[in-house]
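This is what each chain is made of:
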Amino acid sequence: MAATPATLPVLKSIEDFLKGSYDYIIVGGGNAGLTLAGRLSEDSSISVAVIEAGGAKIGDPQVLTPAAFPSLFGKPEYDWDFTTLPQAGTNGTKHAWARGKLLGGTSAINYMMYARGQIEEFNDWNRIAGVKNWGWDGIKPYFSKCESFDKRIHPDDKDSKDYSHLEEHHNYDGPIKTSYASFRSSSERAYHAAAINNGFKVPVDAWSGVNHGIGANLSTIDRSGPGTRSYAVTGYLVPNGQRPNLSVLTDAHVEKVIFEKGTDGLVAKGVAFSHGGKSYKILHKGATILSAGAVMTPQILELSGIGSKSVLEKAGVECLVDNPRVGDVEDHIMSGITYNLVDGEFSLDHVNTPEVFTEVAKQYAAGKGGPLAHGVSNSGFLSLFDVSTEEERKNIYELVEAHKKTLTNDFDRQREDILLSRLKDPKAAILQFISLNVNIDFGARHDMRIFLGQSTGTTRWSTCVGLHHCFSRGSIHITSSDPKQPPAIDAAILDHPVDELLMAFGVRIIDKILNTSPMKEKLKSRVRPTPDVDLSDTEQAVKYIKGHTGTEFHPIAGASLGLVVDEQLNVKGVKGLKVCDSSIIPLHISGNTQGICYAMGEKAADMIKEDIRAAAATKKLGELSV
Ligand SMILES: Cc1cc2nc3c(=O)[nH]c(=O)nc-3n(C[C@H](O)[C@H](O)[C@H](O)COP(=O)(O)OP(=O)(O)OC[C@H]3O[C@@H](n4cnc5c(N)ncnc54)[C@H](O)[C@@H]3O)c2cc1C
């Protein structure tokens, strides 16, 4: 029987929730938050409360059916549906910024791609944050711990060298299932062959910390049945749904952290939240941990008085800790190219026609998978060397050096030095390429429903081009003391002069691959950009990029390691408050971000358990210096 809220005793009514006494309060039952809750509550002596603003939606077919994810966007029961400020770099567009608002958070609404990043990128976290434990060696064991790898590949793909993996980099019994796509269309195979014909290699194992090359993708899809989303709820909540020391309250919006001023400075005591139109408070015995994600964690910090003094004063919030780096934001940005497929080629666009939908829905309901169980089948990363000439690289390096001179603080200068070193490394993973048999409207970045709206009657191919080391860095700040008022998001898309050039080189190379045999025989006319746009002309390519680029949905850095939290994830300047979610990531990695959020939740749980063990001999939990 599929789990439902009624069958999960950990889901509490407000009355029962308030009766509890909790060592740890986790704000946000999302990707990292539920991972942390699941692991902390393994120890029956630790009591854990999770407060989630969205609903439970456990067993919801819209969430579980892989190809149904575009239907979740813009709906308040699944998506916070944030909007950015107008972005100067993209002709003043206000961009849609989806974030999951339900148990599982963004892991419940994402595309399910599973990636890890490159070794040096994690080692650079240590470098820039001045910490020791968050390099590749510090995080790698936790990537493995969460994974349950299903290495089966489709019988038709058996001879493909595309599917390389090394056993030692995978785990087979972790909570989150990873699997290859259930089938590959002939155009997906032709695309792969065309990339190889352009001289690109398949990574030996893109999950080993070396992902440079173009190859297969793993998705967080459980293929033990018809193919369903594996996410924080199925991995870390449902299996632990009977634990007496775990309590989850849904539809409860945390407004701020409650502090007390003592001789020891500021100490967090718990949180204030609203539920069903009423206000409540709940206190912890150990610590409160913010896991509200890259947009809402900085918002809660600022509402609680931790942030830039000038931002807080303008919003009417008393500043308790002046930290101007709360609310930084770095993202991956994405553009792409769309073509019409030749007649007879498979396309997920077909699924939108009523007859085909009825057919594939029957197939899925009968446990036979099919298009509704389909995930992304391929992904790849290329370096600047793979996509540019020597002269273009020289120009890029000069632009970076000139921009660096305008920077006024050490962190920003060190960050650009690191990014520049990546552009000088022929094996660095700078640009990501993802191809799908589907129409994507790259020009419609203001509304997710149009961006991913499949058009009936068309059969299209889209290749997404993502910049994974953006030089631009923006901000997320409150503008009011009202917790229900969304923060102002300035994503700074294409702010830095180098980002638009890197994107232009990305679309140029992908158009070349798509026009190489055997892929070119699968495609008819180009739809986006229209055929008259010459992508080999950088000026024309940049013009296209400006009108067709937006988020790849991977914001980070609002509570960065080193700047806002320390190595143990404690918020600097206060006691009793930690952060565990995508906002602690100080510098971006090449890869989609859910994998890190699971690994981070696992690592944070181990760090907290270790703290408890170390302190237990001498102190009571309530006296822990967290
Ligand atoms: C459209 C889309 C596609 C994506 N595709 C992929 C992909 O294919 N692969 C990949 O690896 N990554 C993908 N990502 C990114 C990835 O899913 C996220 O980076 C990751 O899930 C973020 O996890 P988190 O723990 O930081 O936050 P979340 O999972 O967002 O968790 C935050 C939780 O806190 C809750 N919350 C927020 N504010 C409050 C409050 N005030 N009170 C109480 N609760 C609150 C939220 O409702 C949410 O449940 C995608 C993201 C999007 C939006």
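Residues numbered from 1 in each chain as written. Predicted model: local features only at pLDDT ≥ 70, side-chain atom pairs only at ≥ 80, totals over all residues. Heavy atoms only, no water.

**Considering the overall build of the protein chain**
Here's step 1: Of the regular secondary structure elements, the protein chain holds 17 helices and 27 strands.
Here's step 2: Expected size for 626 residues packed as a compact globule is a radius of gyration near 25 Å; at 23 Å, the protein chain falls within 12% of this value.
Here's step 3: Projected onto its principal axes, the C-alpha positions of the protein chain cover 70 × 60 × 45 Å.
Here's step 4: Counting the 626 residues in the protein chain, one finds 64% classified as buried.
Here's step 5: Surface exposure of the protein chain reaches about 22,500 Å², of which carbon and sulfur atoms provide 52%.
Here's step 6: Averaging the coordinates of the 66 positive side-chain charges in the protein chain and doing the same for the 75 negative ones gives two points 3 Å apart. (Helix = DSSP H or I, 4+ residues; strand = E, 2+ residues; numbered from the N terminus. Rg over C-alpha atoms; globule rule 2.2 N^0.38 Å. Buried < 20%, exposed > 50% of the residue type's maximum accessible area, 1.4 Å probe, protein only. Areas by Shrake-Rupley, 256 points an atom, 1.4 Å probe, with all protein chains shown as cover. Lys, Arg positive; Asp, Glu negative; His and termini not counted. Charge placed at Lys NZ, Arg CZ, Asp CG, Glu CD.)

**Section: the packing of aromatic side chains**
Here's step 1: All told, the structure shown has 20 aromatic pairs when counted by the stated rule.
Here's step 2: A ring pair is formed by F69 and F73, whose centres lie 6.2 Å apart and whose planes are at 80°; its orientation type is edge-to-face. For the pair formed by F69 and F73, the shared burial category is buried.
Here's step 3: Both rings, one in F183 and one in F346, keep their centres 5.4 Å apart while their planes meet at 85°; by these two values the pair is edge-to-face. Of this pair, F183 sits in the loop between β7 (176-179) and α6 (186-197) while F346 is found in the loop between β19 (333-341) and α10 (354-365), placing the two residues 163 residues apart along the sequence.
Here's step 4: Since its relative accessible area comes to 18%, F183 is described here as buried.
Here's step 5: An aromatic cluster is present here, built from F69, F73, Y111, F442, F451 and F553 joined pairwise through their rings.
Here's step 6: The ring of W80 is capped by K101, whose NZ or CZ atom sits 4.3 Å from the centre of that ring.
Here's step 7: The ring of W134 has K603 lying over it, and the distance from NZ or CZ to the ring centre is 5.0 Å. (Phe/Tyr/Trp six-rings, centres within 6.5 Å; stacked < 30°, edge-to-face > 60°. Lys NZ or Arg CZ within 6 Å of the ring centre and 35° of its normal.)

**Topic: the site of the ligand**
Here's step 1: Taken together, 38 residues lie near the ligand, and N31, E52, T106, S582 and T593 sit nearest.
Here's step 2: W80 places a side-chain nitrogen or oxygen 3.1 Å from an oxygen atom of the ligand.
Here's step 3: Between T106 and the ligand, the recorded distance is 2.6 Å, taken from a side-chain N or O atom to an oxygen atom.
Here's step 4: Alone, the ligand offers 1,000 Å² of accessible surface; in the complex the protein occludes 99% of this.
Here's step 5: Class assignment for the residues of the shell around the ligand results in 17 nonpolar, 17 polar and four charged. (Near = heavy atom within 4 Å. Polar contact = N/O pair within 3.5 Å; in protein donor to acceptor, adjacent residues only side chain to side chain. Nonpolar A, V, L, I, M, F, W, Y, C, P; charged D, E, K, R; others polar.)

**Observations regarding the environment of K394**
Here's step 1: Mapped onto the fold, K394 is located in helix α12 (residues 390-404).
Here's step 2: Distance from K394 to K424, taken between C-alpha atoms, is 9.9 Å for residues 30 residues apart in sequence.

**A short note on the UniProt feature "binding site: FAD" (unreviewed entry) in the protein chain**
Here's step 1: Those residues carrying the UniProt feature "binding site: FAD" (unreviewed entry) are T106 and V254 in this numbering.
Here's step 2: Considering the arrangement of structural elements, one finds T106 in the loop between β4 (96-97) and β5 (113-114).
Here's step 3: Residue T106 is classed as partly exposed on the basis of its relative accessible area of 24%.
Here's step 4: Apart from the residues lying within four places of it in its own chain, the contact partners of T106 are R99 and G100.
Here's step 5: Examined against the element boundaries, V254 turns out to sit in strand β13 (residues 252-262). (UniProt positions renumbered as here; feature names shortened; annotations may be inferred. Contact = heavy atoms within 4.5 Å.)

**What to know about the pattern of salt bridges**
Here's step 1: Scanning all chains against the criterion turns up 34 salt bridges.
Here's step 2: Residue R39 pairs with E42 through a salt bridge whose shortest N-O separation is 2.6 Å.
Here's step 3: Of the charged contacts in the structure, one is a salt bridge between R449 and D447, with a shortest N-O distance of 3.2 Å. (Salt bridge = Lys/Arg side-chain N within 4 Å of Asp/Glu carboxyl O.)

**Looking at unusual backbone geometry**
Here's step 1: Note that the residue after S517, namely P518, is joined by a cis bond; omega there is 0°.
Here's step 2: For P518, the position within the fold is in the loop between α15 (497-514) and β25 (523-528).
Here's step 3: Omega for the peptide link from R528 to P529 comes to -10°, which places this bond in the cis form.
Here's step 4: Take P529: it is sitting in the loop between β25 and α16 (538-547).
Here's step 5: Positive phi is not limited to glycine here, since D81 has a value of about 55°.

**Here's the deal with the packing of helix α2 (residues 31-40) against helix α17 (residues 594-616)**
Here's step 1: Two numbers describe how α2 lies on α17: the axes approach to 8 Å, and their chain directions differ by 35°. Every pair of crossing elements has a handedness; the one defined by α2 and α17 is right-handed. Counted together, N31, A32, T35, L36, R39 and L40 of α2 and Q594, C597, Y598, G601, E602, A604, A605, I608 and K609 of α17 form the full contact between these two elements.
Here's step 2: Here the residues of the contact of α2 with α17 are counted per class, giving eight nonpolar, four polar and three charged. (Axes fitted to C-alpha atoms, helices over the stretch in contact; angles between N-to-C directions. Left-handed = near helix turned anticlockwise from the far one by under 90°.)

**Some points on the sheet that holds strand β18 (residues 328-329)**
Here's step 1: Taking strand neighbours across the sheet as the criterion, the three strands line up as β18-β23-β24 in an open arrangement whose pairing is antiparallel. Of all the strands in the sheet, the pair left with one neighbour each is β18 and β24 (488-490).
Here's step 2: Alignment of β18 against strand β23 (residues 474-477), held across two bridges, turns out to be antiparallel. Opposite V329, over in β23, you have G474 as the bridge partner. (Pairing = 2+ DSSP bridges.)

**A short note on the environment of S182**
Here's step 1: Its place among the elements puts S182 in the loop between β7 and α6.
Here's step 2: Judged by relative accessible area, S182 falls into the partly exposed class, the value being 22%.
Here's step 3: Counting along the chain gives 45 residues from S182 to G227, while the straight-line C-alpha distance between them is 8.3 Å.
Here's step 4: Setting aside residues up to four positions removed in sequence, S182 forms contacts with H154, R223, A373 and H374.

**Things to note about the side chain of S230**
Here's step 1: Checked against the element boundaries, S230 lands in the loop between β11 (228-229) and α7 (232-237).
Here's step 2: Of the polar contacts made by the side chain of S230, one reaches the backbone nitrogen of K177; its length is 3.0 Å.
Here's step 3: In this view, S230 contacts P175, I176, K177, T220, I221, D222 and Y598; residues no more than four positions away in its chain are not counted.

**Re the nonpolar core**
Here's step 1: If you look at the biggest cluster of nonpolar residues, it comprises 132 residues, and the most contacted ones within it are W134, F273 and L577.
Here's step 2: No other element matches α17, which puts ten residues into this core.
Here's step 3: Listed in part, the 56 residues of the second largest apolar core include I396, W461, I493 and I513. (Core = buried A, V, L, I, M, F, W, Y, C linked by side-chain atoms within 4.5 Å.)

**Section: the pairing of strand β20 (residues 378-382)**
Here's step 1: Within β20, five of the five residues are buried, which leaves the element mostly enclosed by the surrounding structure.
Here's step 2: Neither face of β20 is exposed, since N378, G380 and L382 on one face and S379 and F381 on the opposite face are all buried.
Here's step 3: Note: strand β8 (residues 213-216) against β20, four bridges, orientation antiparallel. The residue bridging A216 from the neighbouring strand is N378, located in β20.

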